[in-house]
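# Coordinates in review
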Amino acid sequence: LHLRLQYSSTLPPPPRHVLGRDNFVERIVELLTAPSQEHVAVVAGGGMGKTTVALKALHEPRVLEVFQDRRFFVPCDSIFTAASLVLAIIQVIEGKAPNASDLGDSYTRLALCLNVPMILVLDNFETPWTAEGKQTEITETLTRIASSLHVRLVITSRIDAPPAEDCITWNIQSLPTVSLLTAKE
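Per chain, residue numbering runs from 1 following the sequence as it is written. Owing to the predicted nature of the model, reporting of local features is limited to residues with pLDDT of at least 70; listing and counting of side-chain atom pairs is limited to 80 or more, with chain, interface and lining totals taken over all residues. For the side-chain quantities, the full set of heavy atoms in the structure was used; hydrogens and water were omitted.

### A few points about the overall build of the protein
- Helix numbers and strand numbers start at the N terminus; a helix is a DSSP run of H or I with at least 4 residues, a strand a run of E with at least 2. In terms of helices and strands, the protein carries eight helices and five strands.
- N-terminal to C-terminal, the α/β element order of the protein is α-β-α-α-β-α-α-β-α-α-β-β-α.
- Note on exposure labels: buried denotes an accessible area under 20% of the residue type's maximum, exposed denotes more than 50%, and partly exposed covers the range between, all computed with a 1.4 Å probe on protein chains only. Evaluated residue by residue, the protein yields a buried proportion of 48% over its 185 residues.
- In this description, contact between two residues means that some pair of their heavy atoms is separated by no more than 4.5 Å. Partitioning the contacts of the protein with sequence separation of at least 6, the portion at a separation of at least 24 is 78%.
- Total accessible area on the protein stands at roughly 9,400 Å², and carbon and sulfur atoms take up 52% of it. Per-residue and other accessible areas follow the Shrake-Rupley method at a 1.4 Å probe size, with only the shown protein chains counted as cover for residues.

Laid out in structure tokens, this is it:
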């Protein structure tokens, strides 16, 4: 039995154009490459460039130098439970869908996956975060991930308040609307 959804371990390509967001990309790069562990929440309305900014930061030379091939991107727009979040992360990191027979304790397996320095981007995190009745289990899962000393966590979300903010210290990057002049470029 394989997961029904397939998640790619291949990092999406860098965006070709990032207009009016250079300062946000630079700030995220600074946070991700800082000696201290930082977790970043990129928040804004739909279509404001959250995913673009996160992907651009993942492909910046300083980030590539520090994390090399340990930069992972998990689209969360089809994830509604903590269990599916854990399985998607494992699949992206290991590069293959886990079989039910070798899952064992998925949280133990996740901890093993998170045992090397990495950046983990959870894109469109508002989907699992707002799934009905799932905030407690999502909070527990996110807190486990964030507590790994090796993981720099980045979430993108349409919700202004990042998830589990009473358990995780987030560096919030709120993207404003882009000026009309910049948008016309």
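### What to know about helix α7 (residues 135-147)
- In this scheme, a helix's expected span is set at 1.5 Å multiplied by one less than its residue total. The first and last C-alpha atoms of α7 sit 18 Å apart over 13 residues, in line with the 18 Å expected at 1.5 Å per residue.
- Those residues of α7 that fall on the buried side of the exposure criterion are Ile138, Thr139, Thr141, Leu142, Ile145 and Ala146.
- Looking at the buried side of α7, the elements it contacts are α4 (82-94), α5 (106-113), β3 (118-123), α6 (126-129) and β4 (151-157).

### Looking at the packing of helix α1 (residues 22-33) against helix α2 (residues 50-58)
- Every axis corresponds to a line fitted to the C-alpha atoms, with the helix fit spanning only the stretch in contact, and the corresponding angles, defined between N-to-C directions, vary from 0 to 180 degrees. Where α1 contacts α2, the two axes come as close as 9 Å, and the packing angle between them is 50 degrees. Comparing their axes, α2 and α1 come out oblique. Seen from above, α1 lies across α2 with right-handed handedness. Residues Phe24, Val25, Ile28 and Val29 of α1 touch α2, and the partners they reach there are Val53, Lys56 and Ala57.
- Of the residues assigned to the contact of α1 with α2, the class counts are six nonpolar, no polar and one charged. Orientation labels follow simple angle bins: below 35 degrees gives roughly parallel, above 145 gives roughly antiparallel, 65 to 115 gives roughly perpendicular, and whatever is left gives oblique. Two helices cross in a left-handed way if the nearer one is turned anticlockwise from the farther one by less than a right angle. They cross in a right-handed way if the turn is clockwise. Gly counts as polar in this scheme, as do all residues outside two lists: the nonpolar Ala, Val, Leu, Ile, Met, Phe, Trp, Tyr, Cys and Pro, and the charged Asp, Glu, Lys and Arg.

### Quick look at the pattern of salt bridges
- Each reported salt bridge corresponds to a side-chain nitrogen of Lys or Arg within 4 Å of a carboxyl oxygen of Asp or Glu. Applying the stated criterion across every chain, the model contains five salt bridges.
- The partner of arginine 27 in a salt bridge is glutamate 30, with the nearest N and O atoms 3.6 Å apart. With a gap of three residues between them, arginine 27 and glutamate 30 both fall in helix α1, about one helical turn apart.
- Given a relative accessible area of 33%, arginine 27 falls into the partly exposed group.
- The class for glutamate 30 is partly exposed, based on a relative accessible area of 38%.
- The partner of arginine 158 in a salt bridge is glutamate 126, with the nearest N and O atoms 3.7 Å apart.

### Quick word on the environment of valine 53
- Along the chain, the position of valine 53 falls in helix α2.
- When the C-alpha atoms of valine 53 and proline 15 are compared, they prove to be 8.4 Å apart, with 38 residues separating the residues in sequence.
- Discounting chain neighbours no more than four positions away, the residues touching valine 53 are Arg21, Phe24, Val25, Ile28 and Leu175.

### Regarding the sheet that holds strand β1 (residues 40-43)
- At least two DSSP bridges between two strands are needed for those strands to be called paired. Taken together, five strands build an open sheet; the order of strands is β2-β3-β4-β1-β5 and the sheet is parallel. Each edge of the open sheet is held by one strand with a lone partner, namely β2 (71-75) and β5 (171-174). Sheet twist, expressed as the mean angle between neighbouring strand axes with direction ignored, is 15 degrees.
- Pairing analysis gives four bridges linking β1 to β4, with the strands arranged parallel. The partner of valine 43 across the bridge, within β4, is serine 157.

### Remarks on the pairing of β1
- Of the two faces of β1, the one lined by Val40 and Val42 and the one lined by Ala41 and Val43 are each fully buried.
- As judged from the four bridges shared by β1 and β5, these two strands associate in the parallel manner. Counterpart to valine 42 in the pairing with β5 is glutamine 173.

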